[in-house]
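Inside the fold
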Amino acid sequence: MTDSYWQNKISSYLHDPPHKALDIRLHESKAKEVAEKLFGSVAPKDLYTVADQTASYLTRMKLPGYSENDKENGAINFLENPQTTHPLVPKRNEYKIGENITANTVHAALLDFLEKNDCGQGEKLFNYLFFKFKNDLAQNNIGNLGELWEKLPADTRIPDHSIWHHLGLTSAIGSCLNESRVNDKAGEVSLAVFAIAPVQPFIASARKLRDSWCASLILSYLSFIGIKNICENLGADHIIYPCLHNQSLIYEWLNKKYEWDLEIKHPQIAGLPNKFVFICPPNRIKEIAKNIEGAIQKEWIRLQELCDIEKEKLVDDYFSYSWASAKLNRNNENFYAETHSLVQKLLAACKLKPTKIRKSQYGEKCPLCGEYSVIGEFEKSEDKKEKLCAVCATKRLLPEKMLKKKGELLHSAFEDIGFPDTYSLAGAKNEEDLDKNKYYAVLLMDGDKMGDLINGESLTVTYGDVVHSKIKEKFGNRPQYEFEKKRNLTPAIHSAISDYLNIFARERVVKILEELGGKGKLVYAGGDDVLAILPLKNALEIAEQISNAYNEILGTASGISISAALLLAHHKEPLREVIREAHLVLDEIAKEKSGRNSLAIRLKKRSGGDRDFYCKWNSEVFVSFKNIVTNFQDKEISSSLAYNLSKLEPALNVESITTEQKEKLFEYEIKHSGIKDLNIAKDLCNICLANNDSKNNDSNFEAPIIARFLGGIK
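Rules and cut-offs
Residues numbered from 1 in each chain as written. Predicted model: local features only at pLDDT ≥ 70, side-chain atom pairs only at ≥ 80, totals over all residues. Heavy atoms only, no water. Helix = DSSP H or I, 4+ residues; strand = E, 2+ residues; numbered from the N terminus. Rg over C-alpha atoms; globule rule 2.2 N^0.38 Å. Areas by Shrake-Rupley, 256 points an atom, 1.4 Å probe, with all protein chains shown as cover. Lys, Arg positive; Asp, Glu negative; His and termini not counted. Charge placed at Lys NZ, Arg CZ, Asp CG, Glu CD. Expected span 1.5 Å × (residues − 1). Axes fitted to C-alpha atoms, helices over the stretch in contact; angles between N-to-C directions. Parallel < 35°, antiparallel > 145°, perpendicular 65-115°, else oblique. Left-handed = near helix turned anticlockwise from the far one by under 90°. Contact = heavy atoms within 4.5 Å. Nonpolar A, V, L, I, M, F, W, Y, C, P; charged D, E, K, R; others polar. Pairing = 2+ DSSP bridges. Polar contact = N/O pair within 3.5 Å; in protein donor to acceptor, adjacent residues only side chain to side chain. Buried < 20%, exposed > 50% of the residue type's maximum accessible area, 1.4 Å probe, protein only. Arc of directions from axis to C-beta. Salt bridge = Lys/Arg side-chain N within 4 Å of Asp/Glu carboxyl O. Disulfide = S-S within 2.5 Å.

Details of the overall build of the chain
From N to C terminus, the chain includes 25 helices and 14 strands. What you see for the chain is a C-alpha radius of gyration of 28 Å, in line with the 27 Å of a compact globule of 714 residues. Principal-axis analysis of the C-alpha atoms places the extent of the chain at approximately 85 × 70 × 45 Å. Put simply, the chain shows about 31,000 Å² of open surface, and 45% of that area lies on carbon and sulfur atoms. Side chains of the chain carry 95 positive and 99 negative charges; the gap between the two charge centres is 3 Å.

The structure is reproduced here in structure tokens:
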């Protein structure tokens, strides 16, 4: 893009000072001084006015402004009432601000900081403002605000989104309006979505754990390539979802490009989804989508070439790309939510029609994916080889190839490529020990109805929940403000969801696995999706802690939950089949049968049928199940009891039997086994009567046997 393009974008971005919340009355003069310090000029107001109004209309509601009449005054002094609200659930955050901090002292400190630092110009300056500015202000404690720099609201009356989001949204809308301007008439803005497929088949077609992990990194990296193309040709502010802050690949790219020092956390975790949402000029969407597809396809071919795959054997038709867009109708109050829903439906419709016809394959097919012809033999273990196609070979070879190329963005992601064998996950020290230790756990987790949350359908937060408490107190009884109305979906909410999911995956999930995972390995944690391979010992505790972390970060409300599948598998079962079955357990049992916000466990023994158990998180049944697992670990319950309980089944199925009588039967069996603690009887009763998949019975005796396995008794 030209220098004037970036100059106009920077001008729009700086239309408000970042500390506007501290002194709204003089924010225009302060914005002017900040702009002059950075690049010596101030944007004409007509350049950003429409964009600013549109961005505000997208994210706020009509509220009273300043008035000399205190009863009608809606202005909130943030220095006196520092408060932000959660955009997804009813939650208010209060902050402490030092007594000597004023808008003027902060402003003076900010100007002094800009005077002493060269922030660049053109594209570099814009990326500095978008990615690094707030971090520098916080880390250097400019004006003694510290981390509060990152939380300053765009509007103190409805403080559920930051000033930084408003600045970025305004600059992106302004760029679109200018780029699609015709005969000096302001242009229009389109919302677009781009997706890469397939996802699950690409990750699941693997024999080694490392192959699945590498596949998830490749997908995240290809998504990054598409996002980077938008950043370079439109600007990072155009990306609505996912949030680009604290993304390792984004920060790796910026650090290499500008020699910055942005902190990179957990580069080995695939953090970018296969689908991203952005705004763009309507007249350029076809060109942009074509450029994104071309950039991703070119990089996919290059990754294969890095693995020394011969040109004639490259697979160039594996991934398919789809996109959809629609113009934002700025005359409709709920126009963002409706436009977003429309483009998602258009995208779904596009996927029904294949964009590519795959080339015919001849000869021997790859034993892992079963789709493409093998191209040669590759290392399976130290003394064995297996035949693979170009796609599966790339997943196998890329880690070692990237380790030799320090200039590659993926280099640091592959620096720690150690993955345990499934038999070591099963607790065996060597293969001779496998007679006693044969099973491990696959943990698969997925946010419930994430599509509904992203589309705003499951949002329950109201305007009364997100406005400042002083506004609610003063104007809460006035019906014209509609505080009970559900909060409209906004780009800020999309950004917040993405930001929360990034914190959940990169900080909380990683920490939980590090503390409890033992020899387990996190395959991927991208947004609301988690896949980990674990020893049985801590698998249940890890699943519960991850579920709790999800609700702690995104909030606890109807429509916000995560479901999990634990598949207890034999170490010799093909990994690709185990992962595929874990997806079935998650989708068909945890989500459909149990109704989401649930855990489903399947014990998949090599001999005999599968054993299933499921329950809601934090329910009485789940607590009882945990207790029974602990009882087995502490050897308070004999192994035989887990199987002997099934003898109670005929008596429990009598129509006239009461719950109290059922508990008495369990107490009798417990006492007969020599156990004195009657709480164990109640817990066993709870889990055995929790769910059942057979046609005629109302009891399920699979649960104690599954608990026995998780308790360490094989």
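On we go from here.
With respect to helix H20 (residues 620–633)
For H20, with 14 residues, the first-to-last C-alpha span of 20 Å sits near the 20 Å given by 1.5 Å per residue. Looking one or two residues past H20, Lys-635 carries a phi angle of roughly 60 degrees, positive in sign.

Section: the packing of helix H1 (residues 3–13) against helix H6 (residues 163–179)
At a closest axis distance of 8 Å, the pairing of H1 and H6 adopts a crossing angle of 140 degrees. As far as their axial angle goes, H6 and H1 are oblique. By crossing handedness, the relation of H1 to H6 is classed as right-handed. From H1, Tyr-5, Lys-9, Ser-12 and Tyr-13 reach across to H6, where they touch Trp-164, Leu-167, Gly-168, Thr-170, Ser-171, Ala-172, Ser-175 and Glu-179. Looking at the contact of H1 with H6 residue by residue, the class counts come to five nonpolar, five polar and two charged.

Here we look at the sheet that holds strand S14 (residues 611–616)
The strands making up a sheet associate through backbone hydrogen bonding, with each pair oriented either parallel or antiparallel. Pairing is mixed across the open sheet formed by six strands, whose spatial order is S10-S11-S9-S12-S13-S14. The open sheet is flanked by strand S10 (521–526) and S14, the only strands paired with a single partner. Between one strand and the next, the sheet's axes are offset by a mean angle of 10 degrees, whatever the strand orientation. Bridging between strand S9 (residues 439–447) and strand S11 (residues 529–534) involves five bridges; their strand directions are antiparallel. Within the sheet, the bridge partner assigned to Leu-444 lies in S11 and is Leu-531. The sheet strands contacting helix H19 (residues 575–593) are S9, S10, S11, strand S12 (562–570), strand S13 (598–604) and S14, and the helix crosses S12 at an angle near 140 degrees. Against the sheet, helix H25 (residues 702–710) makes contact with S9, S12, S13 and S14, and its axis sits at roughly 95 degrees relative to S14, the strand it touches most.

Comments concerning the sheet that holds strand S5 (residues 275–280)
As summarised here, the arrangement of the four strands in space is S4-S5-S3-S6, forming an open sheet in which the pairing is antiparallel. Lying at the two open borders of the sheet, with one neighbouring strand each, are strand S4 (239–241) and strand S6 (320–327). On average, adjacent strands in this sheet sit at an angle of 25 degrees to one another, irrespective of strand direction. Two elements, S4 and S5, share two bridges in a ladder whose sense is antiparallel. In the strand pairing of S5, Tyr-241 is matched with Val-277. Contacting strand S3 (190–197), S4 and S5, helix H8 (residues 209–233) crosses the sheet at an angle of about 5 degrees to S5.

A look at the environment of Lys-313
For Lys-313, the location among the structural elements is in the loop between helix H10 (285–306) and S6. Note: C-alpha distance between Lys-313 and Ile-375 (62 residues apart in sequence) is 6.8 Å. With residues near it in sequence (within four places) discarded, Lys-313 still touches Ile-375 and Ala-390. Within the structure, Lys-313 has its side chain in polar contact with the backbone oxygen of Ile-375 (distance 3.4 Å).

Some thoughts on helix H2 (residues 27–39)
Residues spaced three or four apart along an α-helix point in a common direction, a consequence of the helix completing one turn every 3.6 residues. Under the 1.5 Å per step criterion, the end-to-end length of H2 is 18 Å for 13 residues, consistent within 8% with the ideal 18 Å. Looking at H2, one finds that the buried residues are His-27, Lys-30, Ala-31, Val-34, Ala-35, Leu-38 and Phe-39. Viewed along the axis of H2, the buried residues span an arc of 140 degrees, placing them on a single side of the element. Looking at the buried residues of H2, the elements they touch are H1, helix H4 (103–116) and helix H5 (122–139). Phi turns positive one or two residues past the end of H2, at Gly-40, with a value near 75 degrees.

Concerning the pattern of salt bridges
This model, assessed by the stated rule, comprises 42 salt bridges. Note that Glu-507 and Lys-265 form a salt bridge whose closest N and O atoms lie 3.6 Å from each other. Of the two residues, Glu-507 is situated in helix H17 (residues 491–516) and Lys-265 in the loop between helix H9 (248–258) and S5; the sequence distance between them amounts to 242 residues. Its relative accessible area of 38% is what places Glu-507 among the partly exposed residues.

Some details on the state of the cysteines
Throughout the structure, instances matching the rule amount to zero disulfides. Free of any disulfide, Cys-685 has its nearest cysteine sulfur in Cys-688, 7.6 Å distant.

Examining the packing of H20 against helix H24 (residues 678–688)
Two packed helices can be described by the angle between their axes and the distance between those axes. Here H20 crosses H24 at 125 degrees, and the two axes come no closer than 8 Å. For the element pair H20 / H24, the angle class is oblique. The two elements H20 and H24 meet at a crossing, and its hand is left-handed. Only Ile-680, Lys-682, Asp-683, Leu-684, Asn-686 and Ile-687 of H24 make contact with H20, whose side of the interface consists of Glu-620, Val-621, Ser-624, Phe-625, Asn-627, Ile-628 and Asn-631.

Everything listed here is a matter of coordinates, which is why it stays silent on function.
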